[in-house]
Amino acid sequence: MDTNAVVSILGVWAGGKGSLHRQLTGALMDAVRQGGLAPGVRLPSERALAKALSISRTTVVAAYDDLREAGWLESRHGSGTWIRSGSPAVAMARSAAHASTLNASPMLSLLVDRGADDVIDFGLGSPLALAELDADRFVLPKDEYDALMRERFHYPLGAPGLRQTIADRYSDEGLPTTVDQVLVTNGAQHAIALSAAVWLQRGDTALVEDPTYFGAIAAFRTAGARLASLPVRAGGVDPAMLRDRLPATAARLVYLASGCHNPTGSVMPVTSRKQIARIAADTGVPIIDDRTLADLVLDGSPSPPLAVHAPNAPILTVGSLAKLIGPSLRIGWIRAPEPLIQRLARFKAAIDLGSPLIAQAIASRLIRMTDDARRFRQRELRPRRDLLASLLRAHLPEWTFSTPAAGLFLWVTLPGGDAREFAQVALRHGVVIVPGPHMSADEHHARCIRITFLWDAETLTAGVARLCAAWQHYQSIKPRSREHAVMV
């Protein structure tokens, strides 16, 4: 495992009682108990981990020796050190780990004894499939199914029927679209990565929101791009700043989420959308408008895409069914001017020839239910958002956030500390959160965390209880959290 990943998993490991090597030994054991370090994972060398933790190599050597002797680790000369698979010590630790309760307050009394493998995932970003949708919607008529099974052509741009359905949907929403302006992809992430591969060469700059969706950051970095940031305020990106930053950075591609920003849940005002669409038309720099979460509007109605205000500008409107319908339906798309679609299609055909036709046929049927699906999701998610917000305000009042108008998450600012450290403490208390720096190309937002409200009421309540316990624990150790920087 990468050294930086191990350091992140360890989090705030120093500052307790005992020698430094004993504290490191305990932290590594905790990481195994909570699943951060799984059996079979190879650990960094003693020298590499010591350098990353700013401690002496002898401290790491002593910790590794203790863990080897206790049956947690095994080493082989020339092959390194790894978490021992099948170790009785590891198995017993994983099965005996418990969620922590720090006091007997009514809230914390809800923190049940779940075991190390029962972790509440507040980092989750994929809703379950809509329960209200009839299962027949996912089953093709026999004649249509038989015809697709006999099909020999791959349709690199996507099945014509699905592309027409997508085009009609955009036209109905005020964005005139022809079938030649639509490319089908294997989900929204595929659409973002495909756009990055077409418009970015190694060393080029992409402008991204800060904070932003971490999958977009990964896609652009995989393409070899350098990333420059655009701060996100209450109304999203400032159009004037975008116009200034384009020539200053020589950016070749811009990534925005106007319909629902991830992670803040904000919706860009119409005045900003109009100005940004004009910037795309004036400069010719392609802008990805990621609308993956735009259908999940909790207050009001979905906003139209950026391209409504400049239909022929180089705006790549990305859509998907994964969040609205269900994560297993990996169908997404890009709507853009035809010359841009042709560029994307040539690249896509060289990679995968085409997306699965049966999934596309099912997607075409489901897109026609978009309005109903939006209402179903709103009815499901709005009470969960309100419950999570009320729980946090009642039991962690020092945490601050704005109620999101759309999406799946609360973007919370902690009163102090480091979100990456706190995320590791939270994990040891049985709850996963996403630290703010993971959603920033510049690793900003060190005091922010992203929390999903996808869970039912019981799970949300128990998860906030664990966060309360973790926060109290973190506050008790935070003043000493830098002791591991002392060389011994």
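Here the structure is a predicted model, which is why all the values come from computation and not from measurement.

J.: It is not clear to me how the overall build of the chain should be interpreted in this structure. Could you clarify?
T.: Counting secondary structure elements, the chain contains 16 helices and 16 strands. A principal-axis box enclosing the C-alpha atoms of the chain has dimensions of 70 × 50 × 50 Å. The burial tally for the chain puts 53% of its 488 residues in the buried class. Sequence separation of at least 24 residues holds for 73% of the intrachain contacts in the chain that already meet a minimum separation of 6. Averaging the positions of the 53 positive and the 46 negative side-chain charges in the chain gives two centres separated by 4 Å.

J.: Before we go on, may I ask you to explain the packing of aromatic side chains in this structure?
T.: What describes a pair of aromatic rings is the distance from one ring centre to the other and the angle between the planes of the rings. Applying the stated criterion across every chain yields a total of eight aromatic pairs. With a centroid separation of 5.9 Å and an interplanar angle of 70°, the aromatic rings of Phe220 and Tyr255 are classed as edge-to-face. Linking Phe220 in helix α9 (residues 214–222) with Tyr255 in strand β9 (residues 253–256), this pair joins segments that are 35 residues apart in sequence. Across the pair, exposure class does not vary: Phe220 and Tyr255 are buried alike.

J.: So what exactly am I meant to see when it comes to the nonpolar core here?
T.: If you look at soluble globular proteins, the nonpolar side chains tend to sit buried side by side. Within the largest apolar cluster, 89 residues are counted, with the highest numbers of intra-cluster contacts made by Leu242, Leu392, Trp399, Phe422, Ile451 and Leu467. Considering every element that reaches this core, the biggest residue donor is helix α16 (residues 457–477), with nine residues. Setting aside residues up to four positions removed in sequence, Ile451 forms contacts with Phe122, Leu388, Leu392, Trp399, Leu408, Phe409, Leu410, Val412, Ile433 and Leu467. Among the nonpolar cores identified, the runner-up in size contains 30 residues, and Val198, Ala216, Leu253 and Ala345 belong to it.

J.: Honestly, the sheet that holds strand β3 (residues 80–83) in this entry has me stumped. Any pointers?
T.: To summarise the sheet geometry, strands pair through backbone hydrogen bonds and adopt either a parallel or an antiparallel arrangement. Read from one edge to the other, the open sheet built from three strands follows the order β1-β3-β2, with strand pairing classed as antiparallel. Each edge of the open sheet is held by one strand with a lone partner, namely β1 (42–43) and β2 (73–76). Relative to β3, β1 runs antiparallel, the two sharing two bridges. Considered in β3, the bridge of Leu43 is made with Thr81. Sheet contacts for helix α4 (residues 57–69): β1, β2 and β3; angle to β2, the most-contacted strand, approximately 105°.

J.: What should I look at first to understand the environment of Gly235 in this one?
T.: Mapped onto the elements, Gly235 comes out in the loop between β7 (226–233) and β8 (236–237). Residue classification places Gly235 among the partly exposed positions, given a relative accessible area of 28%. With 153 residues separating them along the chain, Gly235 and Trp82 place their C-alpha atoms 48 Å apart. When residues no more than four places from it in sequence are discounted, the contact partners of Gly235 are Met268, Pro269 and Ser272.

J.: Teacher, can you tell me more about the pattern of salt bridges here?
T.: Once their charged atoms are close, side chains differing in charge can pair, the charge on each being opposite to the other. Enumeration according to the criterion identifies 20 salt bridges in this entry. With a closest N to O distance of 2.5 Å, Arg68 and Asp65 form a salt bridge. Linking Arg68 with Asp65, this pair stays in helix α4, spanning three residues, or about one helical turn. A relative accessible area of 26% means that Arg68 is categorised as partly exposed. Overall, the relative accessible area of 36% leaves Asp65 in the partly exposed class. In this structure, the salt-bridge partner of Asp204 is Arg252, at a minimum N-O distance of 3.6 Å. Here Asp204, found in the loop between α8 (188–199) and β6 (205–210), pairs with Arg252, found in the loop between α10 (239–249) and β9; they are 48 residues apart in sequence, far enough to count as distant. With a relative accessible area of 16%, Asp204 lands in the buried category. The network of salt bridges with common partners includes Arg169, Glu173, Asp295, Asp371 and Arg374.

J.: Sorry, what's going on with the packing of α8 against α9 here?
T.: The relative placement of two packed helices comes down to the angle between their axes together with the axis-to-axis distance. Contact geometry for α8 and α9: axes closest at 9 Å, N-to-C directions at 30°. Between α8 and α9, the interaxial angle falls into the category roughly parallel. The element α8 and its partner α9 pack so that their crossing is right-handed. Of the residues in α9, those touching α8 at Gln189, Ile192, Ala193 and Ala196 are Gly215, Ala216, Ala219 and Phe220. Broken down by class, the residue content of the contact of α8 with α9 amounts to six nonpolar, two polar and no charged.

J.: Got a minute to help me understand helix α3 (residues 46–53) in this structure?
T.: Quick reminder: α-helices carry 3.6 residues per turn. Residues three or four places apart thus point the same way. Among all positions of α3, only Glu46, Leu49, Ala50 and Leu53 are buried. Down the axis of α3, the sector holding all buried residues measures 100°, keeping them to one side. Across α3 from its buried face, at more than 90 degrees, point the exposed residues Arg47 and Lys51. Against α1 (3–10), α2 (20–33) and α4 lie the buried residues of α3.

J.: Would you take a moment to explain the sheet that holds strand β10 (residues 287–290) for this structure?
T.: Taken in spatial order, the eight strands of this open sheet run β5-β12-β11-β10-β9-β6-β7-β8, and their pairing is mixed. Each end of this open sheet is capped by a strand with a single partner; those strands are β5 (182–185) and β8. Here β5 runs beside strand β12 (residues 332–335); their pairing, made up of four bridges, is antiparallel. Across the sheet, residue Thr185 finds its bridge partner in β12, namely Gly332. Contacts from helix α7 (residues 160–172) reach β5, β11 (315–320) and β12 within the one sheet, and its direction differs from that of β5 by about 120°.

How each quantity is defined
Residues numbered from 1 in each chain as written. Predicted model: local features only at pLDDT ≥ 70, side-chain atom pairs only at ≥ 80, totals over all residues. Heavy atoms only, no water. Helix = DSSP H or I, 4+ residues; strand = E, 2+ residues; numbered from the N terminus. Buried < 20%, exposed > 50% of the residue type's maximum accessible area, 1.4 Å probe, protein only. Contact = heavy atoms within 4.5 Å. Lys, Arg positive; Asp, Glu negative; His and termini not counted. Charge placed at Lys NZ, Arg CZ, Asp CG, Glu CD. Phe/Tyr/Trp six-rings, centres within 6.5 Å; stacked < 30°, edge-to-face > 60°. Core = buried A, V, L, I, M, F, W, Y, C linked by side-chain atoms within 4.5 Å. Pairing = 2+ DSSP bridges. Axes fitted to C-alpha atoms, helices over the stretch in contact; angles between N-to-C directions. Salt bridge = Lys/Arg side-chain N within 4 Å of Asp/Glu carboxyl O. Parallel < 35°, antiparallel > 145°, perpendicular 65-115°, else oblique. Left-handed = near helix turned anticlockwise from the far one by under 90°. Nonpolar A, V, L, I, M, F, W, Y, C, P; charged D, E, K, R; others polar. Arc of directions from axis to C-beta.

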